Amino acid sequence: MTEIAIPGPEVASDAGLLNRLTRIFGASPFTTLEAARQELAVDRGTFRRLVDTLARVPELRAAVLGGPAGKYWSKTVLPLERAGVIDNIVQRRAVYPHIVALYPGPTCMFRCHFCVRVTGARYQQDAVDSGNAMFASVIDEMPVDNPHAMYISGGLEPLTNPGLGGLITRAARRGFKMDLYTNSFALTDRTLQRQPGLWDLHRLRTSMYGLDDDEYEQTTGKRAAFGRVKANLVNLQRLRASRENPLRLGFSYIVLPGRAWRLLELADFIAELNEVAPHRPVDFLDIREDYSGRPNGKLPPAERAELQDALGAFNERVSARAPSLHVDYGYALHAVMTGTDAELIRLRPESMRPSAHIQAGVQIDLLGDVYLYREAGFPGLTGAHRYIAGRVEPGTALSDVVRSHLANGRTIDPLDGDEYFLDGFDQVVTARLNQVEADIAAGWGDVRGLLR
Ligand code: SF4
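Residues numbered from 1 in each chain as written. Predicted model: local features only at pLDDT ≥ 70, side-chain atom pairs only at ≥ 80, totals over all residues. Heavy atoms only, no water.

Within an unreviewed UniProt entry, the label attached to the chain reads dTDP-4-amino-4,6-dideoxy-D-glucose ammonia-lyase, and the organism entered is Amycolatopsis marina.

Next comes the structure, spelled out in structure tokens:
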């Protein structure tokens, strides 16, 4: 990281310490203030002056955000702080969850090898109608001040619910910009005709599990699935263009170990979809790296170098063949791209928060069960029932579930393996809350968390 020129003579004498402070929080955003103070070996008065200066000088703030782990700040921590979510949790306010995920899929046609779902477990078909009525009540109940407060995902595959389009239209009429996460296997022309509400989506995000039939079969267990997904997306591209529908189309793609160079084929695949509708190119792509099973969440140097090369080549291919594509590299790949070291948060059960963070987000399944973590909402998943805050059902609204969860003061003792119920968002929220509460306990309440 380059040195920051510190404007103003009154802070110039602290320049060295301030640069070190920005480096600490640019590389390790969840450091506690006391740990940072001890690393700088300064007394509390000096440290307070440094923290106050950092909050005041935009160049220093920008240096923290521009650090190797800056995406944690810019993508998640600061937006949550600005929305007051962290304060709501710390002060145990009973408010609507900041983000509500609806998990309406009764089943899934794939069996991905990395998926936590229990083979064969599904929701009964007779749960679909009552579940959709429950989702409708949640959509009607949610305050409309944040248009991005709800999205649809799983859990299981949302497109296996025949009432999905109706729910999307209902939410769109209330002003919500709905995102759908899907594998797009069932996104056929017939589905689009039967569920016209799908055209009311704000964004449709397809999780890609490979770039040919063999790769798909290895990952999902389903034969000839890539060809079908591709045909569905080509059709969607054509229709989206001819209808002049504002739906935004994009992908999620996980780079599996040893497969970094497949990214070039991903760029070509997106370019092919663009050729179908040159005036409506694919809008976005989220790429993530699979860090599961890596000690300390770190990549071995040789693999990191290969990944960096492959990302560079991918970038060039995108610039040449799909220049309007918005690519999001996530927390860690962004650092790899820039040749700096970064690691993902690796929470252990002892770092999990016994009361979780219901004000930040919940997931609701077809039964109305309100899950506290994003990867817990699968039927029959061992131990996941302990992370159900309550059930939305006739006579019990989502707001009642939140209120009683907080009023009861219910806590959950985490067991080994429970950390896998948390996805990247849950992990960031947890790490931030642990940091903020440690800062408050250490007497730094007014400046807790460094940046807001
Ligand atoms: S990861 Fe998604 S598509 Fe794959 S089996 Fe699990 S729910 Fe189905």
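Section: the pattern of salt bridges
Formally: Think of a salt bridge as a Lys or Arg side-chain nitrogen and an Asp or Glu carboxyl oxygen that are within 4 Å of each other. Secondary structure elements are taken from DSSP: a helix is a run of H or I of four residues or more, a strand is a run of E of two residues or more, and numbering for both begins at the N terminus. In this scheme, a residue with accessible area under 20% of its type's maximum is buried, one over 50% is exposed, and one in between is partly exposed, where area comes from a 1.4 Å probe on protein chains only.
What the rule picks out here adds up to 29 salt bridges. Lys75 is paired through a salt bridge with Asp328; the nearest N and O atoms lie 2.7 Å apart. Taken together, the residues Lys75 in helix 6 (residues 70–82) and Asp328 in strand 7 (residues 326–328) connect sequence positions 253 residues apart. Exposure remark for Lys75: the relative accessible area of 32% places this residue in the partly exposed category. Close ionic contact of Asp328 with Arg288 constitutes a salt bridge, the shortest N to O distance being 3.4 Å. Of this pair, Asp328 sits in strand 7 while Arg288 is found in strand 6 (residues 284–289), placing the two residues 40 residues apart along the sequence. Several salt bridges share partner residues, and in doing so they unite Asp212, Glu215, Arg259, Arg262 and Glu265 into one network.

Overview of the packing of aromatic side chains
Our working definition: Aromatic contacts are taken between Phe, Tyr and Trp rings whose centres are within 6.5 Å, Trp giving its six-membered ring; a plane angle under 30 degrees counts as stacked, one over 60 as edge-to-face, and the others as tilted.
For the structure shown, the criterion picks out 14 aromatic pairs. Between the aromatic rings of Phe30 and Tyr72, the centroid separation amounts to 5.5 Å while the plane-to-plane angle is 75 degrees, which identifies the pairing as edge-to-face. Linking Phe30 in the loop between helix 2 (15–27) and helix 3 (33–40) with Tyr72 in helix 6, this pair joins segments that are 42 residues apart in sequence. Look at Phe30 and you get buried, because its relative accessible area is 18%.

Quick notes on helix 9 (residues 164–173)
Basically, it comes down to this: Only heavy atoms enter the contact rule, under which two residues are in contact if any of them lie within 4.5 Å.
Along helix 9, the positions that sit buried rather than exposed are Leu164, Gly165, Leu167, Ile168, Thr169 and Ala171. Summarising the contacts, the buried residues of helix 9 are in contact with helix 8 (127–141), strand 2 (150–152) and strand 3 (179–182). Looking one or two residues beyond helix 9, the residue adopting positive phi is Gly175, at roughly 95 degrees.

Regarding unusual backbone geometry
In terms of backbone geometry, most residues other than glycine have negative phi values and most peptide bonds are trans. Going from Gly154 to Gly155, the amide bond is cis rather than trans, its omega being 15 degrees. Within the secondary structure, Gly155 is located in the loop between strand 2 and helix 9. Positive phi, normally seen in glycine, also occurs at Arg92, with a value near 55 degrees. Position of Arg92 relative to the elements: it lies in the loop between helix 7 (85–90) and strand 1 (99–103).

Comments concerning the domain arrangement of the chain
Buried accessible area, meaning the area lost when the parts come together, often serves as the stated size of an interface. Filter applied, for reference: For every domain, the bounds stem from an assignment made automatically or drawn from a database. Here the quantity called buried area is the accessible surface, traced with a 1.4 Å probe, that two parts lose on coming together, added over both.
What the domain assignment reports for the chain is domain 1 (1–96 + 422–452) and domain 2 (97–337). Measuring from the centre of the C-alpha atoms in domain 1 to the corresponding centre in domain 2 gives 33 Å. Between domain 1 and domain 2, the residue contacts involve 13 residues of the former and 12 residues of the latter. Here domain 1 packs against domain 2, burying approximately 1100 Å² in sum over the two surfaces, 68% of which is carbon and sulfur.

Structural notes on empty space enclosed by the protein
Formally: Site definitions follow a grid-based scheme: protein atoms alone, a 1 Å grid, a 1.4 Å probe that fits but cannot get out for cavities, and for pockets an open set with protein on both sides within 12 Å along at least five of seven lines, plus lining residues having an atom within 4 Å of a point. Grid points are joined across faces, edges and corners, and a volume is the space filled by probe spheres set on the points. Gly is put with the polar residues, along with every residue not named as nonpolar or charged; the nonpolar set is Ala, Val, Leu, Ile, Met, Phe, Trp, Tyr, Cys and Pro, and the charged set is Asp, Glu, Lys and Arg.
Following the criterion strictly, the structure yields one cavity of 30 Å³ or more and no others. Reported here for the largest cavity is a volume of approximately 60 Å³. In this structure, the largest cavity is lined by Val255, Leu256, Pro257, Gly258, Arg259, Ala260, Glu289, Glu303, Glu306 and Leu307. Broken down by element, the lining of the largest cavity gets its largest block of residues, three residues, from helix 14 (residues 301–321). Looking at the lining of the largest cavity, its residues break down into five nonpolar, one polar and four charged.

Digging into the layout of surface pockets
Taken as a whole, the second largest pocket encloses approximately 240 Å³ of empty space. Forming the boundary of the second largest pocket are 13 residues, of which Tyr96, Pro97, His98, Asp145 and Asn146 lie nearest the centre. Here the lining of the second largest pocket is built from residues that sort into eight nonpolar, four polar and one charged. The residues that make up the lining of the second largest pocket include at least three from each of domain 1 (1–96 + 422–452) and domain 2 (97–337).

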